[in-house]
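# Examination of the molecular architecture
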Amino acid sequence: MEQLALHISNGVLGGPVAAATAVVAAVGLTLCVQRGRRDLDDRLAPMAGLVAAFIFAVQMLNFPVLPGVSGHLLGGTLAALLVGPWVGALCVSIVLVVQALMFADGGVTALGANITNMALLNTAVAYLLIVVLLRVLPRTPAGLAATAVVAGVVAVVAAALGFVLQYALGGATELTAGGLGSIAAVMTGTHALIGIGEGVITAVTVVTVAKTRPDLVYALRGLRKPDLVESAA
Amino acid sequence: MGAGHHVLHLDADSPVHRLAPEVKVAATVLFTVAVVATPRHVLWAFGLYALLLVVPAVAARVPAGWLGRRVWIEAPFVLLAFALPFAGTGERVDWLGLSLSVDGLYGAFNVLAKGTLGVVASLLLAATTTPRDLIVGLDRLRCPQVFTTIATFMLRYLDVLVGEARRMRVARLSRGDDPRFLWQLRGFAAGIGALFLRAYERGERVYLAMVSRGYDGRMPDGWHGPRAGVRQWAAAALVPLPAVGIAVAAAVLG
């Protein structure tokens, strides 16, 4: 039997927060669909499918953090680097929807919160960092790798803190004895570790792709590419 | 795991399997929302929900043991939930010499009951609907086309990824690599970028072949079964509608 995951499951967050995050997720995804449709050309469509499949596969590796909450690699940084923020957020959302419906993974009613944290927040934070870092750091494979690692760590922790915020606003169940402080500590601690793993995997993948097919890396579009290719040769 | 069959799908033929996917998706979501909206102290409501789930399980001829083994997906969380009555704060009760938090007991019950009912509902959907049909269902429920396009490719490329990973492993083995336990990770990590590229280039060829044969973002309609009629919607409503009734009754009677 394969190992399967649960993200936030049904009944962890209260009704109002579940509904509010569902609205946030719906608005965010609508924006992503509109902007993403423009991005999705013949090169990006198969890439988006592959990124989603890749994220689907790495999210299978996971472990419980709190009752009804699990930790695992998120993939938002990889998605933001390879297909951009709009299509990237869509890829992660698709993974979450299919997991919720087909693999009983993450509650259907917590889907709004899961999408808000892991698809929207994670990808958005990752992309903002990528845009800044790629312009600041040297345009070498090492610079790209450093960008991926830093964006991976920060974006994963941001997604974890998104859950802490939602829980503070309306958790339906007391999850630990220590209250909010200990939840924030557990979530940040485990997700900092997960973030490092995520950053390394993302860096290895993206640097390989950038060396052989720089045209496939969305985040490098518009930047001067020759440096990366030359130093690889 | 394949695009049309996976570990949670029960390949069989039954009235539930034959239902159009869109009605099953809608029924599952509505049922779960009703369950989660129910106040946690109304214990009888959760018993009735469990009874309601027996209807599609029997109609779909899903064996109880098959379902029971897969419900263990949530086992780690069940263990954690058992800690709640001890860790919780507030009013406490004594039970067999143990001092348990009332709030924690309700909390554990809340996570367990809502989690389990949701998992069983999703498992029944997965057992009776292939992933491909699921996406057809989402498409017919007016899901944006960008979304279903990427989802279709995701399911197809999962097979491509698994296949390429297997080929690369065989290639490593045949060149004298002898991976054991954790040391496999090194070879795997070193090859993950190459795996991604190989899978992409295969996927790209397939995609361009599809485009040149007239693919425009949606598979031809004739591929899929007929859309649901009024009778199918009515049949699928047999489970979620009573659930909504129970949720309303539970909220009113409290």
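Residues numbered from 1 in each chain as written. Chains lettered and ligands numbered in written order. Predicted model: local features only at pLDDT ≥ 70, side-chain atom pairs only at ≥ 80, totals over all residues. Heavy atoms only, no water.

### Here's the deal with the overall build of chain A
Per the secondary structure count, chain A includes seven helices and two strands. From first element to last, N terminus to C terminus, chain A shows the α and β order α-α-β-β-α-α-α-α-α. When the 233 residues of chain A are sorted by exposure, 62% land in the buried category. Roughly 7,700 Å² of accessible area belongs to chain A as shown, and the carbon and sulfur atoms make up 70% of that amount. (Helix = DSSP H or I, 4+ residues; strand = E, 2+ residues; numbered from the N terminus. Buried < 20%, exposed > 50% of the residue type's maximum accessible area, 1.4 Å probe, protein only. Areas by Shrake-Rupley, 256 points an atom, 1.4 Å probe, with all protein chains shown as cover.)

### With respect to the confidence of the model for chain B
Looking at chain B, the pLDDT average stands at 77 and 80% of residues meet or exceed 70. In the model, residues 1–5 of chain B has pLDDT below 50 throughout and makes 14 contacts with residues more than four positions away in sequence or in other chains. (pLDDT = per-residue confidence, 0-100. Contact = heavy atoms within 4.5 Å.)

### Some words on the layout of surface pockets
Estimated volume of the second largest pocket: approximately 640 Å³. For the lining of the second largest pocket, the element with the highest residue contribution is helix H1 (residues 15–39) of chain A, accounting for nine residues. By residue class, the composition of the lining of the second largest pocket is 21 nonpolar, four polar and no charged. The residue makeup of the lining of the second largest pocket includes at least three contributed by each of domain 1 (15–131 + 239–253) and domain 2 (138–223) of chain B. (1 Å grid on protein atoms, 1.4 Å probe; cavity = no way out; pocket = protein on both sides within 12 Å on 5 of 7 lines; lining within 4 Å. Points joined across faces, edges and corners; volume = space filled by probe spheres on them. Nonpolar A, V, L, I, M, F, W, Y, C, P; charged D, E, K, R; others polar. Domains from an automatic or database assignment.)

### Notes on the environment of Val154(A)
Residue and element names in this part refer to chain A. For Val154, the position within the fold is in helix H5 (residues 141–170). Among the residues examined, Val154 registers a relative accessible area of 38% and is labelled partly exposed. Residues Val154 and Val125, spaced 29 residues apart in sequence, show a C-alpha to C-alpha distance of 7.6 Å. Discounting chain neighbours no more than four positions away, the residues touching Val154 are Val125 and Leu129.

### Structural notes on the UniProt feature "transmembrane region" (unreviewed entry) in chain B
Residue and element names in this part refer to chain B. What UniProt calls "transmembrane region" (unreviewed entry) maps, in this numbering, to residues 41–59, 71–88, 108–129 and 233–253. Along residues 41–59 the backbone is 89% helical and 0% strand, and the end-to-end C-alpha distance reaches 31 Å. Summarising residues 108–129: 95% helix, 0% strand, and an end-to-end C-alpha distance of 31 Å. (UniProt positions renumbered as here; feature names shortened; annotations may be inferred.)

### Describing the nonpolar core
With 89 residues, the main nonpolar core has Val51(A), Leu82(A), Val83(A), Ile115(A), Ile150(B), Met154(B) and Phe196(B) as its most contacted residues. Of all the elements, helix H3 (residues 76–102) of chain A adds the most residues to this core, at 18 residues. Each residue touching Phe196(B), except ones within four places of it in the same chain, is listed here: Met47(A), Leu50(A), Val51(A), Phe54(A), Leu78(A), Leu82(A), Thr205(A) and Val209(A). Membership of the second largest hydrophobic core comes to 30 residues, among which are Phe31(B), Val42(B), Val62(B) and Ala250(B). (Core = buried A, V, L, I, M, F, W, Y, C linked by side-chain atoms within 4.5 Å.)

### With respect to the pattern of salt bridges
Residues and elements named next belong to chain B. Summed over all chains, the structure comprises seven salt bridges over all chains. When the shortest N-O distance is used, the salt bridge between Arg167 and Glu164 registers 2.8 Å. On the criterion of helical spacing, the pair formed by Arg167 and Glu164 is a turn pair, its members being three residues apart in helix H9 (residues 145–174). For Glu164, a relative accessible area of 4% puts it in the buried group. (Salt bridge = Lys/Arg side-chain N within 4 Å of Asp/Glu carboxyl O.)

### What to know about the side chain of Thr205(A)
Turning to its location among the elements, Thr205(A) is positioned in helix H6 (residues 179–212). Apart from residues no more than four positions distant in its own chain, Thr205(A) is found in contact with Phe54(A), Leu78(A), Ile192(B), Gly193(B) and Phe196(B).

### A closer look at the packing of helix H2 (residues 21–37) of chain B against helix H12 (residues 240–253) of chain B
Residue and element names in this part refer to chain B. Two elements in contact, H2 and H12, have axes separated by 9 Å at closest approach and are oriented at 15 degrees. With respect to their mutual orientation, H2 and H12 come out roughly parallel. The hand of the H2/H12 crossing is left-handed. Along its contact with H2, which presents Ala27, Leu30, Phe31 and Ala34, the element H12 presents Pro240, Ala243, Val244 and Ala247. (Axes fitted to C-alpha atoms, helices over the stretch in contact; angles between N-to-C directions. Parallel < 35°, antiparallel > 145°, perpendicular 65-115°, else oblique. Left-handed = near helix turned anticlockwise from the far one by under 90°.)

### A few points about the packing of aromatic side chains
Residues and elements named next belong to chain B. Inspection of every chain in the model, using the stated rule, returns eight aromatic pairs over all chains. For the ring pair Phe31 and Tyr49, a centre distance of 6.0 Å and an interplane angle of 80 degrees mean the geometry is edge-to-face. Separated by 18 residues along the polypeptide, Phe31 in helix H2 and Tyr49 in helix H3 (residues 43–59) bring together distant segments of the chain. (Phe/Tyr/Trp six-rings, centres within 6.5 Å; stacked < 30°, edge-to-face > 60°.)

### Brief notes about H3(B)
A turn of α-helix holds 3.6 residues, and therefore any two residues three or four places apart point the same way. Residues and elements named next belong to chain B. Residues Ala45, Phe46, Tyr49, Leu52, Leu53, Pro56 and Ala57 constitute the buried set of H3. Summarising the axial view, the buried residues of H3 lie within an arc of 145 degrees, below the 170-degree limit, and thus occupy one face. What points out from H3, more than 90 degrees from its buried face, is the exposed set Leu51 and Val58. (Arc of directions from axis to C-beta.)

### As for unusual backbone geometry
If you check the backbone angles, Arg61(B) has positive phi at about 50 degrees while not being a glycine. Tracing the chain through its elements places Arg61(B) in the loop between H3 and helix H4 (64–71).

### Some thoughts on the UniProt feature "transmembrane region" (unreviewed entry) in chain A
Residue and element names in this part refer to chain A. Feature annotation in UniProt assigns "transmembrane region" (unreviewed entry) to the following positions: residues 12–32, 44–66, 78–103, 115–137 and 143–165. Taken as a whole, residues 115–137 contains 96% helix and 0% strand, while its terminal C-alpha atoms sit 30 Å from one another. Along residues 143–165 the backbone is 100% helical and 0% strand, and the end-to-end C-alpha distance reaches 32 Å.

### Some points on the confidence of the model for chain A
Parts of the model with low pLDDT should not have their predicted coordinates read in detail. Residues and elements named next belong to chain A. Of all residues in chain A, 76% attain a pLDDT of 70 or more, and the chain-wide mean is 77. For residues 1–6, every residue scores under 50 in pLDDT, and the model assigns this stretch 26 contacts once sequence neighbours within four places are set aside. Scored below 50 in pLDDT, residues 229–233 makes three contacts in the model with residues more than four places away or belonging to other chains.

### Concerning the environment of Asn122(A)
All names here are of chain A. Structurally, Asn122 can be placed in helix H4 (residues 111–136). For Asn122, a relative accessible area of 0% corresponds to the buried category. Taking the C-alpha atoms as reference points, Asn122 and Gly76, 46 residues apart in sequence, are found 5.6 Å from one another. Setting aside residues up to four positions removed in sequence, Asn122 forms contacts with Leu74, Gly75, Gly76, Thr77, Asn117, Ala155, Val156 and Ala159.

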